[in-house]
Amino acid sequence: MLRPWAAHWIAAVLLCGAVAQYSSDQCSWRGSGLSHESHRRDVEQVYLRCSQGSLEWLYPTGAIIVNLRPNTEPSSGHMAGLHVCIKPHTYSQGAHVYLERAGDLTLLLAEKDQAQGTVHCFSLADGALFVEAVPQTDISRRITAFQYELVPSQGPGAHMYPYLRPGLVTCKPCSDEEVLMAVCTSDFAGSGIFRGVASGTNGHSPTVVTLSRLFRQKSRVFAWSGARGRSWTGRINVPTQCGVHPGGDEYLLTGPVHFGEAWLGCAPRYKDFLKLYARAQKAGTNPCQIDTA
């Protein structure tokens, strides 16, 4: 949606550079609107070059443009298919978040919706984030804050993450090649059973799992049950339409971790995975070695 005043905001980036009070590294940015309270029409440029990080804008006034880029060469191909996912903190308020491309602004996240803490994703090629402060007579106690991640839209299990393609989640099994790659490259991989499904929102349900083997994990989403238990427990988010059955068969469980939560990706029965892995090992086509004993 074209905003008639967008050109003024974008031009302000070139015409007037605000002297901001902020702290920043390549992953996260923290700033204060008090630094340009006297010239509210200023626009600040922010550059973040990590796969994940955060933004915190205290007492927002004016606007900021957030440029998110992977820390790779543009010609390397790593940007192809990348999406940006942002998750506002539930206390976030004071600004609207738009997508900006060549002066064209599209509303991504209204101020009133940020308290829900819902994840929103868009293609990295769609443009930068334009964060515009909502005019207020009193800006005290207002903080706009969100986390972000760069998420590949392709790869093992990517079709199961509901925020990449809202309403288009498919529960199709992964191919043999995807399963072998998933066990080697996913944020978590292990074998275990589904214990119980809790009621969920936004089209997914948190599911309690117990793992008898843990090949890899990121961010310690699964906790060791101790020497007696000889297992790990945790929760995995599963799309509602991909129903799981507590108890019963043991599965290979793989998937990504987004904003500290595990999401189900490729999940064949473990006995089927063992046969697949044995064939690949014999043929020398397995991407990595794991201890399946």
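The coordinates are above.
Residues numbered from 1 in each chain as written. Predicted model: local features only at pLDDT ≥ 70, side-chain atom pairs only at ≥ 80, totals over all residues. Heavy atoms only, no water.

1. Thoughts on unusual backbone geometry
And step 1. Within the chain, Ser219 stands out as a residue other than glycine whose phi angle is a positive 70 degrees.
And step 2. Residue position: Ser219 is located in the loop between β13 (204-216) and β14 (222-224).
And step 3. Here Ser219 falls in the exposed class, since its relative accessible area comes to 54%.
And step 4. Despite not being glycine, Arg220 has its phi angle at roughly 50 degrees, a positive value.
And step 5. Following the sequence through the fold, Arg220 ends up in the loop between β13 and β14.
And step 6. For Arg220, a relative accessible area of 75% translates into the label exposed. (Helix = DSSP H or I, 4+ residues; strand = E, 2+ residues; numbered from the N terminus. Buried < 20%, exposed > 50% of the residue type's maximum accessible area, 1.4 Å probe, protein only.)

2. Some remarks on the nonpolar core
And step 1. Counting residues in each nonpolar core, the largest one holds 25 residues, and the members touching the most others are Trp57, Val66, Leu68, Ile86, Leu129 and Val131.
And step 2. When residues of this core are traced back to their parent elements, those giving at least two are β3 (43-48), β4 (52-58), β5 (63-68), β6 (82-88), β7 (95-101), β8 (104-109), β10 (128-133) and β11 (143-152).
And step 3. Those residues in contact with Leu129 that lie beyond four places of it in its chain are Ile64, Ile65, Val66, Leu68, Ile86, Val97, Tyr98, Leu99, Leu108, Phe122 and Phe146. (Core = buried A, V, L, I, M, F, W, Y, C linked by side-chain atoms within 4.5 Å. Contact = heavy atoms within 4.5 Å.)

3. As for helix α3 (residues 270-283)
An α-helical turn contains 3.6 residues, so a residue and the one three or four places further along point in the same direction.
And step 1. Here α3 is 14 residues long and its end C-alpha atoms lie 20 Å apart, about the 20 Å a rise of 1.5 Å per residue gives.
And step 2. Turning to α3, its buried residues number three or more, namely Tyr270, Phe273, Leu276, Tyr277 and Ala280. Take α3 and look down its axis: the buried residues cluster within an arc of 115 degrees, on one side only. The outward face of α3, more than 90 degrees from its buried face, is lined by the exposed residues Lys271, Lys275, Arg279, Lys282 and Ala283.
And step 3. Looking at the buried residues of α3, the elements they touch are α2 (176-185), β12 (188-197), β13 and β16 (251-255). (Expected span 1.5 Å × (residues − 1). Arc of directions from axis to C-beta.)

4. Observations regarding the packing of α2 against α3
And step 1. Where α2 meets α3, the closest approach of the two axes is 11 Å, and the angle between their N-to-C directions is 90 degrees. As judged from the angle between their axes, α2 and α3 are roughly perpendicular. Residues Asp176, Val179, Leu180 and Val183 of α2 lie in contact with α3, whose contacting residues are Phe273, Leu276, Tyr277, Arg279 and Ala280. (Axes fitted to C-alpha atoms, helices over the stretch in contact; angles between N-to-C directions. Parallel < 35°, antiparallel > 145°, perpendicular 65-115°, else oblique.)

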